[in-house]
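If you want the building blocks of each chain, they are given just below.
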Amino acid sequence: NSEGETLGYMPQEVSFDGCAYFGEFMEEKIEGNKKYKFESALRMLDYHSFDEYQLIETLSGGEKLKLFLASVISQDPSLLLLDEPTNHLDVDTILALSEYLSNYGGRAIIVSHDRAFLDSVVTGIWELDDGKFREYKGNYADYEEEKEKALEIERQVYVGWTKKKAQLEKLISLERTKGASGNVGAAEKRYSREVEKTEVKDPFRNKDIPGLKLDGASHSGKLIVDIKNLSKSFGDKHILEGVSLEIRGVEKIWLYGKNGSGKTTILQEVEQLVESGQMENASIRLGNNLDIGYYAQTQSVLNFEATLEDELQRLGKVHWESAISMLSRLQFNKSDWERKVKTLSYGQRARLIFGAFSLGQYNFLILDEPTNHLDIKTRMIIENALIGYKGAMLIVSHDRYFVERLGINRIIFLENGTVAKEELLGVMKFS
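Because the structure is predicted, anything quoted here is derived from the model rather than measured.

Conventions used here
Residues numbered from 1 in each chain as written. Predicted model: local features only at pLDDT ≥ 70, side-chain atom pairs only at ≥ 80, totals over all residues. Heavy atoms only, no water. Helix = DSSP H or I, 4+ residues; strand = E, 2+ residues; numbered from the N terminus. Buried < 20%, exposed > 50% of the residue type's maximum accessible area, 1.4 Å probe, protein only. Contact = heavy atoms within 4.5 Å. Areas by Shrake-Rupley, 256 points an atom, 1.4 Å probe, with all protein chains shown as cover. Lys, Arg positive; Asp, Glu negative; His and termini not counted. Charge placed at Lys NZ, Arg CZ, Asp CG, Glu CD. Pairing = 2+ DSSP bridges. Axes fitted to C-alpha atoms, helices over the stretch in contact; angles between N-to-C directions. Parallel < 35°, antiparallel > 145°, perpendicular 65-115°, else oblique. Left-handed = near helix turned anticlockwise from the far one by under 90°. Nonpolar A, V, L, I, M, F, W, Y, C, P; charged D, E, K, R; others polar. Expected span 1.5 Å × (residues − 1). Salt bridge = Lys/Arg side-chain N within 4 Å of Asp/Glu carboxyl O. Phe/Tyr/Trp six-rings, centres within 6.5 Å; stacked < 30°, edge-to-face > 60°. Patch = residues over 30% accessible without salt bridge, like charges linked within 9 Å, V, L, I, M, F, W, Y side chains within 5 Å.

Scanning the protein chain from terminus to terminus reveals 13 helices and 14 strands. The principal-axis extents of the C-alpha atoms in the protein chain amount to approximately 90 × 65 × 45 Å. Looking at the protein chain as a whole, 47% of its 431 residues are labelled buried. Sequence-distant contacts, at least 24 apart, represent 68% of the contacts inside the protein chain between residues at least 6 apart. Of the roughly 21900 Å² of accessible surface on the protein chain, a fraction of 49% belongs to carbon and sulfur atoms. Computed over 55 positive and 68 negative side-chain charges, the inter-centroid distance for the protein chain is 8 Å.

Structure (structure tokens):
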């Protein structure tokens with residue numbers, strides 16, 4: 001570290017070092033003369049309820065992230081290290097963080113797969129790909145353009161090398177046919193010098209994105225879910241207050257709201273009714289003949305102790321032949337089939353879940369932050385599958401680029417645990 005350099009670090013998974021209460025964390029992490037900066041940072045991140053007796057465990061994932069991030073910002077670091085800072089944050093907070101970083105006077109190194117966020121914040125991109133480090137100037141859009149140019153140059157070099165390889169192999173074969181040993185030796189030396197010692201790898205190897213197709217479909221007017229006057233509390237904290245909404249046909253609905261507004265709770269309430277095998281309770285009624293796929297932030301639909309083969313059979317409701325075929329399409333080798341799900345990365349588990357979705361005939365998908373922690377390649381796999389999906393969808397996501405591509409046609413805005421308004425859309429486009 002340079003002399004006088006101060007470091008602010010936010011990991012992907014934040015820890016509160018055993019602090020149970022909001023105030024306890026604030027007292028431990030924030031120096032007395034910086035508490036006003038801490039509160040200012042919280043307000044900037046749209047966190048206004050400074051209850052010192054609030055149990056940290058009762059906060060949403062986004063609220064926890066805001067609390068930790070505010071503690072980092074308030075220290076006035078000259079260097080910020082942010083590891084996936086937008087995971088779990090609502091869209092308004094991401095925009096506020098983007099504005100803060102755009103005006104930040106220090107240096108920042110950010111790991112992120114949020115393309116809209118990167119476009120608005122970064123001035124350069126460092127890429128680690130296939131063990132190589134490359135530096136690109138500009139934002140994510142600039143990176144994509146320059147990356148495409150670099151790949152085309154690599155492709156031309158590879159094509160030239162393969163042509164040279166084929167020519168020399170043909171020459172060696174021809175000289176062997178003639179029986180001219182001296183000429184064969186000379187050709188083989190050329191081959192060693194011009195081909196073997198200058199080997200060029202295919203720049204597109206292992207870059208193919210496996211396609212997934214979601215075959216489920218619904219029809220216009222079909223009742224999917226009817227929620228009337230749904231309320232939910234945890235202790236004294238009211239999460240939902242009289243929420244009412246209806247989903248029909250092939251609607252793609254974005255459930256939009258700030259952290260802690262109850263978005264995930266609504267999805268969980270519907271999923272719990274599905275899991276119970278019932279069609280309705282006091283507040284929720286499901287449509288007939290629904291096959292529902294549920295993707296939770298925690299990926300809890302998976303049995304982490306099961307093998308990949310067994311889990312794909314269970315989720316996709318298919319025989320082992322279909323499960324193995326899908327595992328191959330998901331780029332899992334034969335040696336992976338007996339691995340336990342818990343050994344997979346977050347992105348690999350996401351591909352497994354959506355692979356199961358593509359094996360079924362789901363006519364309603366419930367998706368809670370499906371792109372969190374995912375690399376851009378896996379996000380593209382999921383995006384492309386959902387773009388062609390013909391069923392109904394209820395999605396919670398902070399990823400503006402992802403939501404825009406899905407063709408969302410309705411937004412339901414949640415505020416303070418209730419539906420504040422709804423908006424019908426033609427084609428969604430963020431400014």
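Moving on to the sheet that holds strand 2 (residues 79-83). Each strand in a sheet pairs with another by means of backbone hydrogen bonds, the pair being arranged parallel or else antiparallel. In space, the three strands of this open sheet follow the order 1-2-3, with parallel pairing throughout. Each edge of the open sheet carries a strand with a single partner, namely strand 1 (7-10) and strand 3 (107-111). Shown here is a sheet whose adjacent strand axes are inclined to one another by a mean of 10°, direction ignored. Across the sheet, helix 3 (residues 61-73) touches strand 1 and strand 2, and the angle it forms with strand 1 is around 170°.

Look at helix 11 (residues 346-359) against helix 12 (residues 376-387): their axes get within 10 Å of each other, and the N-to-C directions meet at 20°. The orientation of helix 11 with respect to helix 12, classified from their angle, is roughly parallel. In this structure, helix 11 meets helix 12 at a crossing whose hand is left-handed. Contacts between helix 11 and helix 12 involve Gly347, Ala350, Arg351 and Phe354 from the former and Thr378, Ile381, Ile382 and Leu386 from the latter. Tallied by class, residues from the contact of helix 11 with helix 12 come to five nonpolar, two polar and one charged.

Under the 1.5 Å per step criterion, the end-to-end length of helix 11 is 20 Å for 14 residues, consistent within 8% with the ideal 20 Å. Most of helix 11 is tucked away, with 12 of its 14 residues classed as buried. Among all positions in helix 11, only Tyr346, Gly347, Arg349, Ala350, Arg351, Leu352, Ile353, Phe354, Gly355, Ala356, Phe357 and Ser358 are buried. Along its buried surface, helix 11 packs onto strand 10 (292-295), helix 9 (308-316), helix 10 (320-329), strand 11 (364-368) and helix 12.

Here strand 1 shows a buried face lined by Gly8 and Met10 and an unburied face lined by Leu7 and Tyr9. Two elements, strand 1 and strand 2, share four bridges in a ladder whose sense is parallel. Looking at strand 2, one finds that methionine 10 is bridged to leucine 82.

This part is about the pairing of strand 8 (residues 252-257). For strand 8, a buried count of six out of six residues is recorded, marking the element as mostly surrounded by other parts of the structure. Taking every second residue as pointing to the same face, both faces of strand 8 are buried, with Lys252, Trp254 and Tyr256 on one and Ile253, Leu255 and Gly257 on the other.

Take the sheet that holds strand 6 (residues 223-234) next. Taking strand neighbours across the sheet as the criterion, the three strands line up as 7-6-9 in an open arrangement whose pairing is antiparallel. The two strands at the open ends of the sheet, each matched to only one other strand, are strand 7 (237-248) and strand 9 (284-286). Put simply, the sheet's adjacent strands are angled 15° from each other on average, direction ignored. Judged from the eight bridges that link them, strand 6 and strand 7 form a sheet pairing that is antiparallel. What sits directly across from leucine 230, in strand 7, is valine 243.

The subject of this paragraph is the pattern of salt bridges. Taken as a whole, this structure holds 32 salt bridges when the rule is applied. Glutamate 194 serves as the salt-bridge partner of lysine 164, at 3.4 Å between the closest nitrogen and oxygen. Here the residue lysine 164 occupies a position in helix 6 (residues 140-178), and glutamate 194 occupies one in helix 7 (residues 181-194), the gap between them amounting to 30 residues. Owing to a relative accessible area of 29%, lysine 164 belongs among the partly exposed residues under this scheme. Its salt-bridge partner being arginine 314, residue glutamate 311 comes within 2.4 Å of it at the nearest N-O pair.

Below, the discussion takes up the packing of aromatic side chains. In this description, an aromatic ring pair is defined by two values, namely the gap between the centres and the angle between the planes. Summed over the entire model, instances satisfying the criterion amount to 15 aromatic pairs. Ring plane angle 90° and centroid distance 4.9 Å describe the contact between tryptophan 254 and tyrosine 256, whose orientation is recorded as edge-to-face. Neither tryptophan 254 nor tyrosine 256 differs from the other in exposure class; each is buried. What links up through ring pairs into an aromatic cluster is the set Tyr295, Phe354, Phe357 and Tyr362.

Right, let's get into a nonpolar patch on the surface. A contiguous nonpolar patch, built from Ile109, Trp126, Leu128 and Phe133 and spanning about 490 Å² of accessible area, is present on the exposed surface. Checked against the element boundaries, phenylalanine 133 lands in strand 5 (residues 132-137). Relative accessible area serves as the criterion here: at 51%, phenylalanine 133 is assigned to the exposed category.

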